[in-house]
Amino acid sequence: MKIMPNRMDRGFYQYQQEFEEKALEVLRSGWYVLGKEVSAFEKEFAAYTGAPYCIGLASGLDALWLAFRVLGIGPGDEVIVQANTYIASVMGITINGAVPVFVEPDAHFGIDVDRIEEKITERTKAVLVVHLYGMPCHMGRITGLCKKHGLYLVEDCAQSHGACFDGQMTGTFGDVGCFSFYPSKNLGAFGDGGAVVVKEEALDKAFRMYRNYGSEKRYYNKVVGANSRLDELQAGLLRVRLKHLDEITQERIAIADTYTSHLKNPLIKLPVLAEHTTGVWHQYVIRCEERDRLLSYLEEKGIGTIIHYPIPPHLSEAYQSFGYQKGDLPVTEHLADTVLSLPLYNGMTEEELDCVIRAVNEFC
Ligand SMILES: *Cc1c(COP(=O)(O)O)cnc(C)c1O
């Protein structure tokens, strides 16, 4: 049996008729960018998360960099961020000329709250948390810390649609919650898309202005903004997927639970959610000291896996100029050498799941 790390086609076929009807409806409507589908999606996604406002954007990266832009964070400012993340989190900071200050992760892949305070300087303006793999960070302690030090709190929720801390949805704890709807995300579009959720009306207005060339009124431009508009086709298709997101999440949780109860191999460490959190299992990430051998072994058995992520941002060629060396962030670097994401997707069959479990358990 051949098993791929992800099968986005399966997620499409689960709701094929609804997607196809919506696509035709939008195509026939004659209105394609920022229209009634986007407005409806923004209302529905805000209601889903529990945030007062949602603003549709063109991507998750745009959500991140526009968040720091709108909060007035730029050159000379520092933003604290966990070092084990997808590089887009860091680019959201550096596009604005601000400096990322890296913090090592805890045992649940989230920012290590005990190591935040030592990184705060007079230039620190914000903390960016990443609910990596759909496993929420410890928001209780982090919101307290940000309040105490007068820092903005931004959440990268690109992998955590619907994930909760103490029953409250990720994205609603800080000043801005940033989402991606890239096709492989839990709430995926059929192209690029993103959004932010915010609590304050002033921020809602600012994002609406920035996403559309900095204009509130056509051809009157207040600031140098961006073209970061969600299109009607993606918004319409996202509305279909959002209606089913709870089912989609439950299916992912069931797959992850099956992995957790059936994977038994002393060479492999399983992911564990932190207390007070409900995960949505964007990825099921195991750790193995002999990760590369495990990856090739699974590949030989026809099982595809992915490393999220093999090079931490501080060691990426793109950030050479920061001057980091191997060894500067040992916890993060060790994760990069040992993590492996097992296949997990909506529409995964029991047979496929059994096949992965058997292969991993037989690895020696
Ligand atoms: C996918 C992702 C992003 C970027 O989203 P895009 O829509 O691809 O721009 C940012 N952060 C994390 C953690 C992601 O997984």
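Look up: the structure comes first, before these words.
Residues numbered from 1 in each chain as written. Predicted model: local features only at pLDDT ≥ 70, side-chain atom pairs only at ≥ 80, totals over all residues. Heavy atoms only, no water.

Enquirer: How should I be thinking about a nonpolar patch on the surface in this particular structure?
Expert: A grouping of Leu24, Leu27, Tyr32 and Val33 is seen on the molecular surface, where their side chains present a nonpolar patch of about 360 Å² in accessible area. If you trace the backbone, Leu24 turns up in helix 2 (residues 16-29). (Patch = residues over 30% accessible without salt bridge, like charges linked within 9 Å, V, L, I, M, F, W, Y side chains within 5 Å. Areas by Shrake-Rupley, 256 points an atom, 1.4 Å probe, with all protein chains shown as cover. Salt bridge = Lys/Arg side-chain N within 4 Å of Asp/Glu carboxyl O. Helix = DSSP H or I, 4+ residues; strand = E, 2+ residues; numbered from the N terminus.)

Enquirer: Looking at this structure, how should I read the pairing of strand 3 (residues 99-103)?
Expert: In terms of residue burial, strand 3 counts as a mostly covered element, since four of its five residues are buried. As judged from the five bridges shared by strand 2 (residues 78-82) and strand 3, these two strands associate in the parallel manner. Across the sheet, the residue bridging to Val81 is Phe102, located in strand 3. (Buried < 20%, exposed > 50% of the residue type's maximum accessible area, 1.4 Å probe, protein only. Pairing = 2+ DSSP bridges.)

Enquirer: Just to check I follow, could you spell out the pairing of strand 8 (residues 176-180) for this structure?
Expert: Along any regular strand, the residues point their side chains to alternate faces of the sheet. Burial analysis of strand 8 places five of its five residues in the buried class, the great majority of the element. Both strand 5 (residues 152-156) and strand 8 contribute to a ladder of three bridges, which runs parallel. By the bridge assignment for strand 8, Glu155 is matched with Gly177. Across five bridges, strand 8 lies against strand 9 (residues 194-198) in antiparallel orientation. Along strand 9, the bridge assignment pairs Gly177 with Val197.

Enquirer: How should unusual backbone geometry be read in this particular structure?
Expert: A negative phi holds for most residues other than glycine; trans holds for most peptide bonds. In this model, His308 is joined to Tyr309 through a cis peptide bond whose omega is 10 degrees. One non-glycine residue with positive phi stands out, namely Tyr213, at about 60 degrees. Note on placement: Tyr213 falls in the loop between helix 7 (201-210) and strand 10 (215-217).

Enquirer: Could you clarify how one ought to interpret the sheet that holds strand 5 in this entry?
Expert: As summarised here, the arrangement of the seven strands in space is 1-9-8-5-4-2-3, forming an open sheet in which the pairing is mixed. Strands with a single pairing partner mark the edges of an open sheet, and in this sheet they are strand 1 (53-57) and strand 3. Strand-to-strand twist across the sheet, computed as the mean angle between neighbouring axes with direction ignored, equals 25 degrees. Contacts between helix 3 (residues 36-49) and the sheet are confined to strand 1, strand 8 and strand 9, with strand 1 contributing the most and set at about 130 degrees to the helix. (Axes fitted to C-alpha atoms, helices over the stretch in contact; angles between N-to-C directions. Contact = heavy atoms within 4.5 Å.)

Enquirer: Would you take a moment to explain the sheet that holds strand 14 (residues 284-288) for this structure?
Expert: Note on sheets: strands pair through backbone hydrogen bonds, and any given pair is parallel or antiparallel. Pairing in this open sheet of three strands is antiparallel, and the strands run 12-14-15 from one edge to the other. Each of the sheet's edge strands pairs with one partner strand only, and the pair in question is strand 12 (268-269) and strand 15 (339-342). Bridge count for strand 12 against strand 14 is two bridges, and the pairing is antiparallel. Bridged to Lys269 within strand 14 is Arg287. In the packing of helix 10 (residues 291-300) onto the sheet, contacts are made with strand 12, strand 14 and strand 15, and the angle to strand 15 comes to roughly 25 degrees.

Enquirer: Where do I start with the site of the ligand in this structure?
Expert: The environment of the ligand is made up of 13 residues, and the closest members are Gly60, Asp156, Gln159, Ser180 and Lys185. Take Asp156: an N or O atom from its side chain is 2.8 Å from a nitrogen atom of the ligand. Expressed as a share of its isolated accessible area of 380 Å², the protein-covered part of the ligand is 91%. Among the elements of the structure, helix 4 (60-70) and helix 5 (87-94) are those that each provide at least two residues to the shell around the ligand. With three residues, the single largest contributor to the shell around the ligand is helix 4. Of the residues in the shell around the ligand, the class split is six nonpolar, five polar and two charged. (Near = heavy atom within 4 Å. Polar contact = N/O pair within 3.5 Å; in protein donor to acceptor, adjacent residues only side chain to side chain. Nonpolar A, V, L, I, M, F, W, Y, C, P; charged D, E, K, R; others polar.)

Enquirer: Could you clarify how one ought to interpret the packing of helix 4 against helix 5 in this entry?
Expert: For any two helices packed against each other, one specifies the inter-axial angle together with the distance between the axes. One way to put it is that helix 4 packs onto helix 5 with a least axis distance of 7 Å and a crossing angle of 35 degrees. Crossing of helix 4 against helix 5: the hand is right-handed. Residues Leu61, Leu64, Trp65 and Phe68 of helix 4 lie in contact with helix 5, whose contacting residues are Ala88, Ser89, Met91, Gly92 and Ile93. Taken together, the residues of the contact of helix 4 with helix 5 break down into seven nonpolar, two polar and no charged. (Left-handed = near helix turned anticlockwise from the far one by under 90°.)

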